[in-house]
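# An overview of the molecular structure
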Amino acid sequence: MRTIAVDLDDTLNNFTQTLWESPFAYHEHYAVEPATFDAYLGRLRTQPHAVEELLSTEFAYFRAKIHLECYRLAQARPDGIAFMRWLKSEGWRIVICTQRDLRTSYEATQAWLMDNGIPFDYIFRAGNKIVFCKLWGIDILVDDNLFNIQYGGPRGVRVFYPITDENRHVRGQDAQAFETFDQIRPWIAA
């Protein structure tokens, strides 16, 4: 059985667009003052993936709350859903490989996948997906992350990535860009 790892945010869904366009309203459950809410939301929209994720700060708590809302609100790509269903029908083992903190978002992530009819076998969090794939014997990764695009090929992981404004001009060794998930099918059929 062949195994593939597939990312969620900005690969199977529109996370960043959701973060930018959702009209988050102040509520006391964010545990900050209204002015701080506005400042933090502005900061989060310009730095959605800050590196202080392991620090327990007021901003980190706020970011986790907003990200959790985005995980629920993000729209799945219809071609991504069709691709995932095709993988399952072809007998692939599907590993959802995300950088989400699954300690706080596992249930929301699983519910989103089920609500969108996206089949999967496992959900894992991996900070370094290339290392994760190598350790688990996975040689194909679908992911939008620039690091994975650039360094997957030299490490023996074929990376397929959706073209975004951020990665449009990046080329990785052996990484292949796609506009629609349908393009990947012939690349991985063997």
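In the block above lies the structure referred to throughout.
A few points on the structure. (Residues numbered from 1 in each chain as written. Predicted model: local features only at pLDDT ≥ 70, side-chain atom pairs only at ≥ 80, totals over all residues. Heavy atoms only, no water.)

### A closer look at the overall build of the chain
Counted only if it meets this: By definition, any uninterrupted DSSP run of H or I lasting at least four residues is a helix, any uninterrupted run of E lasting at least two residues is a strand, and each is numbered from the N terminus. Residue burial is assigned from relative accessible area. The probe radius is 1.4 Å, only protein chains are included, and a residue is buried under 20% of its type maximum, exposed over 50%, and partly exposed in between. In this analysis, two residues are considered to be in contact whenever any of their non-hydrogen atoms come within 4.5 Å of each other. Neither His nor the chain ends is counted toward charge; the positive residues are Lys and Arg and the negative residues Asp and Glu. Charge positions are represented by NZ for Lys, CZ for Arg, CG for Asp and CD for Glu.
Scanning the chain from N- to C-terminus turns up eight helices and six strands. Tracing the chain from N to C terminus, the helices and strands come up as β-α-α-α-α-β-α-β-α-β-α-β-β-α. Dimensions of the chain, computed from C-alpha atoms along their principal axes, come out at roughly 55 × 30 × 30 Å. The burial tally for the chain puts 47% of its 190 residues in the buried class. Intrachain contacts of the chain at a sequence separation of at least 6 include 62% that bridge at least 24 residues. Across the chain, the mean location of the 20 positive side-chain charges is 6 Å away from that of the 25 negative side-chain charges.

### Observations concerning the pattern of salt bridges
In plain terms, the rule: Think of a salt bridge as a Lys or Arg side-chain nitrogen and an Asp or Glu carboxyl oxygen that are within 4 Å of each other.
Evaluation of the coordinates by the stated rule reveals seven salt bridges. Close ionic contact of Asp 9 with Arg 100 constitutes a salt bridge, the shortest N to O distance being 2.7 Å. One end of the pair, Asp 9, is in the loop between β1 (3-6) and α1 (15-21); the other, Arg 100, is in the loop between β2 (93-98) and α5 (102-115), and 91 residues separate them in sequence. Comparing Asp 9 with Arg 100, the two get one shared label, buried. Through salt bridges that share partners, Asp 7, Lys 129 and Asp 143 make up one connected network.

### Some points on the packing of aromatic side chains
Which entries qualify depends on this criterion: Only the six-membered ring of Trp is used, alongside the rings of Phe and Tyr, when aromatic pairs are assigned; centres must lie within 6.5 Å, and planes under 30 degrees apart are stacked while those over 60 apart are edge-to-face, with the rest tilted. Two conditions define a charge located above a ring, namely a distance within 6 Å from the ring centre to NZ of Lys or CZ of Arg, and an angle within 35 degrees of the ring normal.
Taken as a whole and judged by the stated rule, the model has 16 aromatic pairs. Among the aromatic residues, those joined into a cluster by ring pairs are Tyr 26, Tyr 30, Phe 37, Tyr 40, Phe 59 and Phe 62. When the ring centre of Phe 59 is taken as reference, the NZ or CZ atom of Arg 43 above it lies at 3.7 Å.

### A word on helix α2 (residues 34-46)
Where we set the bar: Each residue after the first adds 1.5 Å to the expected span of a helix. What the arc measures is the spread of directions leading from the helix axis to the C-beta atoms.
Relative to the 18 Å expected for 13 residues at 1.5 Å per residue, α2 spans 19 Å between its end C-alpha atoms, a close match to the ideal helical length. Every buried residue of α2 is listed here: Phe 37, Tyr 40, Leu 41, Leu 44 and Arg 45. Take α2 and look down its axis: the buried residues cluster within an arc of 135°, on one side only. In this structure, α2 carries Ala 35, Asp 38 and Thr 46 as exposed residues pointing more than 90 degrees from its buried face.

### Here we look at the sheet that holds β1
Let me state the cut-off plainly: Whether two strands pair depends on DSSP finding at least two bridges between them. The angle between two axes is taken between their N-to-C directions and runs from 0 to 180 degrees, where each axis is a line fitted to C-alpha atoms and a helix contributes only its stretch in contact.
Across the sheet, which stays open at both edges, the six strands sit in the order β3-β2-β1-β4-β5-β6 with parallel pairing between neighbours. With one partner strand each, in any of the chains shown, β3 (122-125) and β6 (176-178) form the two edges of the open sheet. Across the sheet, the axes of successive neighbouring strands diverge by a mean angle of 25°, strand direction being ignored. As paired elements, strand β4 (residues 140-142) and strand β5 (residues 158-162) share three bridges and run parallel to each other. Paired with Leu 141 across the two strands is Val 159, which belongs to β5.

### Brief notes about the side chain of Arg 100
Inclusion rule: Counting of polar contacts relies on pairs of N or O atoms within 3.5 Å, with two restrictions inside protein: one atom must be capable of donating a hydrogen and the other of accepting it, and residues adjacent in sequence are counted only when both atoms are side-chain atoms.
Assessed through its relative accessible area of 2%, Arg 100 is described here as buried. In terms of polar contacts, Arg 100 uses its side chain to reach the side chain of Asp 9, at 2.7 Å. When near neighbours in sequence (up to four residues on either side) are disregarded, Arg 100 contacts Leu 8, Asp 9, Asn 13, Tyr 71, Ser 105, Thr 109 and Arg 125.

### Let's talk about the packing of helix α3 (residues 58-73) against α5
Going by this rule: Every angle not falling under 35 degrees, over 145, or within 65 to 115 is termed oblique; those three ranges are roughly parallel, roughly antiparallel and roughly perpendicular. Should the near helix be turned anticlockwise from the far one by less than a right angle, the crossing is termed left-handed; should it be turned clockwise, right-handed. Classes in brief: Ala, Val, Leu, Ile, Met, Phe, Trp, Tyr, Cys and Pro nonpolar; Asp, Glu, Lys and Arg charged; the others, Gly included, polar.
Interaxial distance between α3 and α5 falls to 9 Å at its minimum, and their mutual angle equals 10°. The pairing of α3 with α5 is recorded here as roughly parallel in orientation. As α3 packs across α5, the resulting crossing turns out to be right-handed. Contacts between α3 and α5 involve Leu 68, Tyr 71 and Arg 72 from the former and Thr 104, Ser 105, Ala 108 and Trp 112 from the latter. For the contact of α3 with α5, the class distribution of residues is four nonpolar, two polar and one charged.

### A few points about the pairing of β3
Applied cut-off: By the criterion used throughout, a crossover qualifies as right-handed when its path from the first strand across the helix to the second strand runs clockwise, the strands pointing away from the viewer.
Summarising the sheet, β2 and β3 pair through four bridges and their orientation is parallel. In the sheet register, Cys 97 faces β3, and the bridge partner there is Phe 124. Handedness of the β2-α5-β3 crossover: right-handed.

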